[in-house]
Amino acid sequence: MASRASGAYLRTSVSPDLPPPARVGGPVAWVRENLFGGVLSSVLTVLSALFLVWVTPDLIRWLFIDAVWSAPDGEACRAPGAGACWAYVRAKISFFAYGSYPRDLLWRVDLTLLLGALLAAWLLWPGARRKGLGLLLFLVAYPILAYNLLHGMADSLRAVLRGLADVSGSAALADVAQNALPVVGTNLWGGIFVSLLVATVGIVVSLPLGVLLALGRQSSAPVLRMVCVVLIEVVRGVPLITVLFMANTMLPLFVPEQWSPDRLMRPLIGVAIFASVYMAEVVRGGLQAVPKGQFEGAMALGLTWRHRMALIVMPQALTTVIPGIVNSFIALFKDTTLVAIVGIFDFLRAVDTQRLDPEWAGPSISATGYVFAAAFYFVFCFAMSRYSLMMERRLARGHAK
Amino acid sequence: MSQAMPETAQPLAIQMQDVHKWFGRFHVLKGVNLDVSRGERIVVCGPSGSGKSTLIRCINRLEAHQRGRILVEGVELTDDTRRVDEIRRDVGMVFQHFNLFPHLSVLENCTLSPIWTLRMPQKAAEERAMHFLERVRIPEQAHKYPLQLSGGQQQRVAIARALCMSPKIMLFDEPTSALDPEMVKEVLDTMVSLAEEGMTMICVTHEMGFAREVADRVAFIDRGEIVEMNAPEPFFAHPQHERTKLFLSQILR
């Protein structure tokens with residue numbers, strides 16, 4: 001294969017590739033490497049296995065085998081040895097989902113949620129077309145539509161329709177203007193749809209506002225920078241509950257009475273501002289991770305500040321902080337339960353109040369309700385987490401070797 | 001400003017008049033005077049920290065000078081950001097570390113600024129980009145991402161990206177110093193062919209072979225001053241200043 005002469009060396013052919021040894025691949029190697037890689041690892045593996053063996057059967061029995069799946073009232077659930085009372089969740093699901101929203105008007109909530117889900121799917125679907133239009137619909141048309149559907153037709157829209165009815169002389173249109181979409185006060189709103197509303201508003205407001213605050217904080221204009229720094233540090237230095245209390249009691253003091261925000265609007269504003277300042281700090285971290293050369297490369301091409309930020313810096317900054325952004329979103333989604341403290345009837349509050357219903361009250365009712373609530377929050381948060389992982393992988397393509 | 005423009009047969013691309021620059025207390029540029037005619041190729045060399053990079057970065061105002069005047073194509077560089085953005089469109093720059101945009105494909109790197117600042121239609125911008133990618137001999141990489149390319153390929157993309165703006169002047173800031181040795185030549189070849197077409201070029205480089213081949217003048221900078229500037233032949237054969245002699249003896253082994 002090789003010839004040797006007086007220390008010189010010359011290879012005359014390429015060595016063949018050999019298959020890897022058996023220890024490198026295969027299930028046995030996987031188990032050895034991941035479960036019994038060392039003494040500590042082996043001990044932990046055994047302890048975990050014992051814990052699972054101890055807990056899982058009881059859990060499965062309580063959740064599924066002994067569970068009461070359907071019953072007219074709490075009688076069956078109160079029987080000794082009964083597990084989770086899913087019949088109770090089924091009976092109360094409408095209240096959990098909509099709170100006290102009038103039962104004959106639930107289609108308005110359903111339609112709003114459905115449209116929102118469709119628009120969100122359009123925007124989140126990788127490779128979907130015309131996302132600009134989707135974003136415009138989502139940010140401008142959808143909030144207006146949602147307001148008119150959920151709260152009731154706005155007076156201005158009513159006036160426009162009435163005007164049209166007068167001009168055309170159409171009685172049907174006049175009737176629509178007068179009676180369609182009657183107002184449902186926010187005191188009747190509640191449940192999952194309020195939780196989703198608070199979370200969506202928080203998420204949709206906090207990302208753009210956070211980007212603006214982060215840019216403001218890095219601005220070379222001292223006044224703008226000062227305002228952003230003070231806002232970020234003050235709101236970040238205060239618990240969300242305090243922000244909510246302040247929004248609830250102080251906003252009405254500063255705003256003229258006729259402009260005083262609705263009782264649901266106040267916590268919405270509070271949550272949105274609170275989420276924005278956290279987002280601002282996450283985005284600032286991303287901005288600092290963008291190498292100086294990227295700014296210079298963009299400058300040298302004559303791109304204006306706005307183009308540099310929008311096309312070069314922000315896409316890279318936001319991509320690097322996707323985990324942080326999603327972390328904020330998940331925290332925000334769970335923090336929406338705190339709006340209950342200012343009297344908003346969110347999902348958790350709805351679950352919490354119903355467990356005392358005398359018709360259903362029983363030893364397993366509270367646990368069932370809270371397990372259901374936990375499952376709901378987990379499904380949403382886990383979905384966000386998975387989605388962000390997928391996006392990270394997609395966006396990392398530019399950085400792949 | 002127009003009175004300051006000298007009436008010469010070959011108008012000046014760049015005029016630097018008594019340019020001073022400080023980083024904090026550190027005096028980086030100490031009164032640099034440099035006139036560059038259209039079509040002229042100038043190589044700038046000097047020891048590290050001498051201010052040679054700062055000098056060419058002042059020409060497209062990546063660094064702001066604090067005293068003196070810089071005119072590019074007769075337009076003075078000031079704090080007016082809009083004017084600076086316009087000048088930068090006429091002045092291409094190639095960096096030591098390429099500074100390609102990693103989140104955009106090679107083609108998008110090249111079409112971005114023509115589309116957004118020159119308001120070119122996408123199709124025309126792509127055609128122009130492919131033209132210049134062919135010039136730097138990597139059209140087949142157009143749809144890859146920058147980090148999938150070798151250093152030499154990335155630097156050629158960076159050159160093509162700058163050329164897509166149809167610049168009147170090209171600045172090169174040590175374009176080959178971050179490259180593996182075997183990739184230096186492909187980048188230098190591209191620069192030579194650019195020089196042969198009459199592009200006004202200022203190159204900060206230690207590639208003395210390149211300087212000999214294409215430069216009209218070689219400038220030696222040390223401690224923020226142009227110490228010596230001459231045509232390449234006399235510059236290398238008979239350096240006048242002691243510091244030039246010392247520097248050349250260190251890099252020409």
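Check the entry above for the structure.
Notes on the structure follow.

Here is what the cut-offs are and how they apply
Residues numbered from 1 in each chain as written. Chains lettered and ligands numbered in written order. Predicted model: local features only at pLDDT ≥ 70, side-chain atom pairs only at ≥ 80, totals over all residues. Heavy atoms only, no water. Phe/Tyr/Trp six-rings, centres within 6.5 Å; stacked < 30°, edge-to-face > 60°. Helix = DSSP H or I, 4+ residues; strand = E, 2+ residues; numbered from the N terminus. Buried < 20%, exposed > 50% of the residue type's maximum accessible area, 1.4 Å probe, protein only. Lys NZ or Arg CZ within 6 Å of the ring centre and 35° of its normal. Patch = residues over 30% accessible without salt bridge, like charges linked within 9 Å, V, L, I, M, F, W, Y side chains within 5 Å. Areas by Shrake-Rupley, 256 points an atom, 1.4 Å probe, with all protein chains shown as cover. Salt bridge = Lys/Arg side-chain N within 4 Å of Asp/Glu carboxyl O. Contact = heavy atoms within 4.5 Å. Pairing = 2+ DSSP bridges. Axes fitted to C-alpha atoms, helices over the stretch in contact; angles between N-to-C directions. Core = buried A, V, L, I, M, F, W, Y, C linked by side-chain atoms within 4.5 Å. Expected span 1.5 Å × (residues − 1). Arc of directions from axis to C-beta.

1. Description of the packing of aromatic side chains
In step 1: All chains considered together, the criterion is met by 23 aromatic pairs over all chains.
In step 2: Judged by centre distance (6.4 Å) and plane angle (55°), the rings of Y101 of chain A and W189 of chain A are tilted. In this pair, Y101 of chain A is assigned in the loop between α4 (86–98) and α5 (106–124) and W189 of chain A in the loop between α8 (171–179) and α9 (192–217), connecting sequence segments 88 residues apart. The residues Y101 of chain A and W189 of chain A share a single accessibility class, namely buried.
In step 3: Considering the side-chain rings of F378 of chain A and F382 of chain A, the 5.2 Å spacing of their centres and the 15° angle between planes classify their relative orientation as stacked. Taken together, the residues span about one helical turn, with F378 of chain A and F382 of chain A both in helix α17 (residues 365–395) at a distance of four residues.
In step 4: The exposure class assigned to F378 of chain A is exposed, which follows from its relative accessible area of 53%.
In step 5: The exposure class assigned to F382 of chain A is partly exposed, which follows from its relative accessible area of 39%.
In step 6: Connected via pairs of aromatic rings, a cluster forms that spans Y88, F96, F333, F347, W360, F372, F376, Y377 and F380 of chain A.
In step 7: One Lys or Arg, R161 of chain B, reaches over the ring of F101 of chain B and ends 4.5 Å from the middle of that ring.

2. Digging into a nonpolar patch on the surface
Residue and element names in this part refer to chain A.
In step 1: Among the surface-exposed residues, W30, V31, L35, F36, V39, L40, V43, L44, V46, L47 and L50 lie close enough to one another that they form a single nonpolar patch of about 1100 Å² accessible area.
In step 2: For the nonpolar patch, the elements supplying multiple residues, two or more each, are α1 (27–34) and α2 (39–65).
In step 3: Top element by residues in the nonpolar patch is α2. It accounts for seven residues.
In step 4: Inspection of the secondary structure assignment puts W30 in helix α1.

3. Focus: unusual backbone geometry
Residue and element names in this part refer to chain B.
In step 1: Phi at F98 takes a positive value of approximately 65°, unusual for a residue other than glycine.
In step 2: Structurally, the position occupied by F98 is in the loop between β6 (91–94) and α3 (106–116).
In step 3: With a relative accessible area of 11%, F98 lands in the buried category.
In step 4: Positioned with a positive phi, R119 is a non-glycine residue whose angle comes to about 55°.

4. Concerning helix α13 (residues 292–300) of chain A
In step 1: With seven of nine residues buried, α13 of chain A lies mostly within the body of the structure.
In step 2: Inspection of α13 of chain A places G293, Q294, E296, G297, A298, M299 and A300 of chain A among the buried residues, and these make up the whole buried set.
In step 3: Of the surrounding secondary structure, the elements contacted by the buried residues of α13 of chain A are α14 (305–320) of chain A together with α1 (52–59), α2 (81–90), β6 and α5 (151–163) of chain B.
In step 4: Immediately downstream of α13 of chain A, the backbone of G302 of chain A shows phi near 80°, a positive value.

5. Observations concerning the sheet that holds strand β7 (residues 169–173) of chain B
All names here are of chain B.
In step 1: The six strands lie next to each other as β6-β7-β8-β3-β9-β10, forming an open sheet whose pairing is mixed. Taken across any chain shown, the strands that pair with only one partner, and hence form the sheet edges, are β6 and β10 (225–230). Averaged over all neighbouring strand pairs, the angle between strand axes comes to 20°, with direction disregarded.
In step 2: Pairing between β6 and β7: four bridges, direction parallel. Across the sheet, V91 pairs through a bridge with I169, a residue of β7.
In step 3: Together, β6 and β7 form the strand contacts of α5, whose direction differs from that of β6 by roughly 170°.
In step 4: Helix-sheet contacts for helix α6 (residues 181–196) involve β3 (41–45), β7 and β8 (200–204), and the interaxial angle to β8 is about 150°.

6. Observations regarding the pattern of salt bridges
In step 1: Enumeration according to the criterion identifies 29 salt bridges over all chains in this entry.
In step 2: The closest approach of N and O atoms between K185 of chain B and D189 of chain B, which form a salt bridge, is 2.9 Å. Note that K185 of chain B and D189 of chain B are positioned in helix α6 at a spacing of four residues, about one turn of the helix.
In step 3: D189 of chain B gets classed as partly exposed once you look at its relative accessible area, which sits at 31%.
In step 4: In this structure, K245 of chain B engages E242 of chain B in a salt bridge whose closest nitrogen and oxygen atoms are separated by 3.5 Å. Of the two residues, K245 of chain B and E242 of chain B are both situated in helix α9 (residues 242–251); the distance of three residues between them amounts to about one turn of the helix.
In step 5: Using a relative accessible area of 37% as the deciding quantity, one classes K245 of chain B as partly exposed.
In step 6: Look at E242 of chain B and you get exposed, because its relative accessible area is 56%.
In step 7: Among the charged side chains, a salt-bridge network with shared partners connects R217, E233, R236, E281 and R284 of chain A.

7. Concerning the nonpolar core
In step 1: If you look at the biggest cluster of nonpolar residues, it comprises 54 residues, and the most contacted ones within it are F96, L287, I312, F333 and F347 of chain A.
In step 2: Ranked by residue count, the leading element in this core is α17 of chain A, at seven residues.
In step 3: Contact partners of F347 of chain A, with chain neighbours within four places excluded, come to F96, G191, I192, S195, F372, A373, F376 and Y377 of chain A.
In step 4: Counting residues in each nonpolar core, the second largest holds 48 residues, with A158, F172, V227 and F236 of chain B among its members.

8. Topic: helix α7 (residues 155–168) of chain A
Residue and element names in this part refer to chain A.
In step 1: A rise of 1.5 Å per residue sets the reference length of α7, with its 14 residues, at 20 Å; its end C-alpha atoms lie 20 Å apart and thus fit the reference within 8%.
In step 2: Taken as a whole, α7 has its buried residues at R158, L161 and A165. Along the axis of α7, the buried residues cluster in a sector spanning 65°; they form a single face. Exposed and oriented more than 90 degrees from the buried face of α7 are S156, D166 and V167.
In step 3: Residues of α7 that are buried make contact with α8.
In step 4: Once α7 finishes, G169 follows within two positions and takes phi at roughly 70°, a positive value.

9. Description of the side chain of S388 of chain A
In step 1: Mapped onto the secondary structure, S388 of chain A falls in helix α17.
In step 2: Setting aside chain neighbours within four positions, we find S388 of chain A in contact with I322 and V326 of chain A.

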